[in-house]
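Examining the three-dimensional arrangement
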Amino acid sequence: MSGLLLENKNAVIYGGGGAIGGAVARVFAREGARVFIAGRTKATLDAVARDITAAGGTVDTAPVDVEDQQAVEDHADAVAANAGSIDIALNAVSVMHDQGTLLADLSLEEFMRPIDGFLRPLFITSKAVARHMGRSRTGVILTLSEPGAKLALGGILGHGVSAAGKEAFSRLLAAELAPANIRVVDIRPHAVADAPAAGSYTKELFGPMAAAGGQTTQEFLENGLAQGTLLKRLPTLSEIAETAAFLASDRAGAMTGTVANLTAGALVD
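Presented here is an overview of the structure given in this document. Worth saying up front: this structure is predicted, and the values here are computed from it rather than measured.

Once that is clear, we can look at the overall build of the protein chain. Scanning the protein chain for helices and strands turns up eight helices and seven strands. For 269 residues, the compact-globule estimate of 2.2 N^0.38 gives 18 Å, and the C-alpha radius of gyration of the protein chain, at 18 Å, lies within 12% of that figure. Structurally, the protein chain occupies a C-alpha span of about 50 × 35 × 35 Å along its principal axes. Put simply, the protein chain has 269 residues, and 50% of those count as buried. Surface exposure of the protein chain reaches about 12100 Å², of which carbon and sulfur atoms provide 55%.

Further remarks concern the pairing of strand β3 (residues 58–63). Inspection of the sheet shows strand β2 (residues 34–39) paired to β3 by six bridges, in the parallel sense. Residue pairing in the sheet places V35 in a bridge with V59 of β3.

Next up on the list: the packing of aromatic side chains. Across all of its chains, the model carries one aromatic pair by this definition. Here the aromatic rings of F206 and F220 are separated by 5.7 Å at their centres, their planes lie at 40°, and the arrangement is tilted. Within this pair, whereas F206 is found in helix α6 (residues 202–212), its partner F220 is found in helix α7 (residues 217–224), the two being separated by 14 residues in sequence. Since its relative accessible area comes to 13%, F220 is described here as buried.

Let us look at the sheet that holds β3. A sheet is described by the order of its strands in space; here seven strands give the open sequence β3-β2-β1-β4-β5-β6-β7, paired in parallel fashion. With partners counted over all chains shown, the strands left at the sheet margins are β3 and β7 (258–262), one partner each. Ignoring strand direction, the axes of neighbouring strands in this sheet form an average angle of 20°. The pairing of strand β5 (residues 139–144) with strand β6 (residues 182–189) spans six bridges and is classified as parallel. When the bridges of β6 are listed, T143 appears paired with D186.

Turning to α6, its buried residues number three or more, namely T202, L205, F206, G207 and A210. Looking at the buried residues of α6, the elements they touch are α7. Where α6 terminates, the next one or two residues include G214, which has phi positive at roughly 70°.

The next thing to look at is a nonpolar patch on the surface. On the surface, L230, L231 and V268 cluster together into a nonpolar patch covering about 340 Å² of accessible area. Turning to its location among the elements, L230 is positioned in the loop between α7 and α8 (237–248). The exposure class assigned to L230 is exposed, which follows from its relative accessible area of 62%.

If you look at the biggest cluster of nonpolar residues, it comprises 40 residues, and the most contacted ones within it are L6, I13, V24, F28, V35, I37 and L142. The element best represented in this core is helix α1 (residues 19–30), accounting for eight residues. The contacts of I13, once residues within four sequence positions are left out, are G21, V24, A25, F28, V35, F36, I37, A38 and L90. Core analysis: the next-biggest nonpolar cluster, separate from the first, contains 24 residues, A62, V64, A80 and V184 among them.

A few words now on unusual backbone geometry. Look at R135: it is not a glycine, yet its phi comes out positive at around 60°. As for its placement among the helices and strands, R135 is situated in the loop between α4 (108–130) and β5. The backbone of N181 shows a phi angle near 70°, a positive value even though the residue is not glycine. Assignment of secondary structure puts N181 in the loop between α5 (157–177) and β6. On the basis of relative accessibility, which here comes to 30%, the residue N181 falls in the partly exposed class.

Helix packing for two helices is described by the angle between their axes and how far apart those axes are. Look at α4 against α5: their axes get within 7 Å of each other, and the N-to-C directions meet at 20°. Overall, the two elements α4 and α5 adopt an arrangement that is roughly parallel. Our pair here, α4 against α5, has a crossing hand that is right-handed. Seen from α4, the contacting residues are F111, P114, I115, F118, L119, L122, F123, S126 and A130; seen from α5, they are L157, G158, H159, V161, S162, G165, K166, F169, L173 and L177. For the contact of α4 with α5, a count of residues per class yields 13 nonpolar, five polar and one charged.

This structure, assessed with the given rule, holds 15 salt bridges. Ionic pairing is found between K42 and D46, a salt bridge with its closest N-O pair at 2.6 Å. Here K42 and its partner D46 are both found in helix α2 (residues 42–54), four residues apart, which amounts to about one turn of the helix. K42 gets classed as exposed once you look at its relative accessible area, which sits at 57%. Between E167 and R188 there is a salt bridge, with the nearest N and O atoms lying 2.7 Å from each other. Here E167 is found in helix α5, whereas its partner R188 is found in strand β6, with 21 residues between them in sequence. Residue class for E167 comes out buried when judged on its relative accessible area of 7%. Looking at R188, the relative accessible area reads 1%, which means it is buried. One network of salt bridges, in which partners are shared, links R30, E31 and E242.

Cut-off values and rules
Residues numbered from 1 in each chain as written. Predicted model: local features only at pLDDT ≥ 70, side-chain atom pairs only at ≥ 80, totals over all residues. Heavy atoms only, no water. Helix = DSSP H or I, 4+ residues; strand = E, 2+ residues; numbered from the N terminus. Rg over C-alpha atoms; globule rule 2.2 N^0.38 Å. Buried < 20%, exposed > 50% of the residue type's maximum accessible area, 1.4 Å probe, protein only. Areas by Shrake-Rupley, 256 points an atom, 1.4 Å probe, with all protein chains shown as cover. Pairing = 2+ DSSP bridges. Phe/Tyr/Trp six-rings, centres within 6.5 Å; stacked < 30°, edge-to-face > 60°. Axes fitted to C-alpha atoms, helices over the stretch in contact; angles between N-to-C directions. Contact = heavy atoms within 4.5 Å. Patch = residues over 30% accessible without salt bridge, like charges linked within 9 Å, V, L, I, M, F, W, Y side chains within 5 Å. Salt bridge = Lys/Arg side-chain N within 4 Å of Asp/Glu carboxyl O. Core = buried A, V, L, I, M, F, W, Y, C linked by side-chain atoms within 4.5 Å. Parallel < 35°, antiparallel > 145°, perpendicular 65-115°, else oblique. Left-handed = near helix turned anticlockwise from the far one by under 90°. Nonpolar A, V, L, I, M, F, W, Y, C, P; charged D, E, K, R; others polar.

Structure (structure tokens):
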């Protein structure tokens, strides 16, 4: 029996050049998966691909705009034709959005930005890959949400509704796809300790809040957000990626329609 969690699996990661997507792609490849990373920015995709290749993994890259439904479907069709199946998919695409503005000053456009920006690609990518999953080979769709899905906190209207929507989408999709032998599991990390240093948009997102308190973004994460968790720290990219590999593997074969809480205790489900 192989010790690799994802041996002979074909995994598609949208946003595969980003901080979380890239971390997951590297771990998936290490665990034996053939990884297909897609995203808008060729340079970041190539950087992740170089790391995977240098470590002996197998990776393919493709420039894909996840808001272009036809382009996403064409890419999924090409992956399935090339590899024979799609076994795992993760949408790790992020969009910059507002956090901190209360209703009185929040525009409709800013409210809708994370809702449309996260949920539209999630629908498009899930629909594209689901056609090539399941039946004799178990399929797994992984999604990402945030603590805002559960928090009662001012200033995160669009963010919180978007996060809750992603979790609801995952739960409902799990019910639809279970008869086709496809699992759907959501991963809910908190702000990620080392994501800004890895190029995440969260450096820009948390920058104004940090500056308002006379802190750097890293100080804001470590001295502010981390202190609201039970563990007094935030999750790392490595922890998210390792968890994703387990959830995508057959060892987590009984899990679907649920949330893996990686908030370090910021939320206790």
